[in-house]
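# Observations on chain architecture
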Amino acid sequence: MKFLTAIFVFLTIHSFAQNGYKSGDDVADLQAKKILNYTTSSSSLKNLKGNITIIDFFGTWCVPCIKALPELTNYKNKFAADVNIFLVSNEAEDKLNKFISNRKPFALPLVVDEGNIFTNAFQPPSYPYTVVLDKNLKVISITNAADLTEAMLQKFVDEAKNMTVTKPVEVK
């Protein structure tokens, strides 16, 4: 009986443990090795320093994720000088390309997370899952895209104007 209790306790603790980034954490310089619908085919988070960055974990199968795309596109256009927005998906590149081509015009860059670099780092517990980073790549909000508002983004942008950009955190 003690053995079963020990297993139950272990599984309970393990199922609630989440080691991904939390609000207030500095995010490492993660590499996006393949980006669709963007000016370059690869980049890293350090190249986004200086602006607010929204990372939206996205699935082509996720209805709320798809419903949020028009509003995310609106934010991309309205805050173009101050906010970077990236979708991240660990689905196959051909499936993502097909999704994009069926939704022209598609304005958002989409990181193909083939090696689960972003997914493993942030560990989204479910979708939709949206992370907002300040201009120093510190997590300032974890939410979902549907709960982001223009007023929230404006507040983040205004707060960022008083911040100094620091050196990126090195991946160990």
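Above this note sits the structure.
Presented here is a report on the structure given in the accompanying data block. These numbers come from a predicted model, not from an experiment. (Residues numbered from 1 in each chain as written. Predicted model: local features only at pLDDT ≥ 70, side-chain atom pairs only at ≥ 80, totals over all residues. Heavy atoms only, no water.)

### Observations concerning the overall build of the protein
The helix and strand inventory of the protein stands at 5 helices and 8 strands. For the protein, the N- to C-terminal ordering of α and β elements is α-β-β-β-β-α-β-α-β-α-β-β-α. When each of the 172 residues of the protein is scored for burial, the buried share is 42%. Within the protein, contacts between residues at least 6 apart in sequence are counted, and of these 70% link residues at least 24 apart. (Helix = DSSP H or I, 4+ residues; strand = E, 2+ residues; numbered from the N terminus. Buried < 20%, exposed > 50% of the residue type's maximum accessible area, 1.4 Å probe, protein only. Contact = heavy atoms within 4.5 Å.)

### Points about the nonpolar core
Grouped together as the largest cluster of nonpolar side chains are 28 residues, with contacts concentrated most on Leu72, Leu87, Phe106 and Leu110. At 5 residues, helix α2 (residues 63-78) tops the list of elements feeding residues into this core. Once you skip the residues sitting within four places of it in the chain, leucine 110 turns out to touch Lys34, Ile35, Leu36, Phe58, Leu87, Ser89, Leu96 and Ile100. (Core = buried A, V, L, I, M, F, W, Y, C linked by side-chain atoms within 4.5 Å.)

### Topic: the side chain of threonine 60
Summarising the element assignment, threonine 60 is placed in the loop between β4 (52-57) and α2. Overall, the relative accessible area of 15% leaves threonine 60 in the buried class. A distance of 2.5 Å separates the side chain of threonine 60 from the side chain of glutamate 91, its partner in a polar contact. In contact with threonine 60, not counting residues within four places along its chain, are Ile66, Glu91, Lys95, Leu96 and Phe99. (Polar contact = N/O pair within 3.5 Å; in protein donor to acceptor, adjacent residues only side chain to side chain.)

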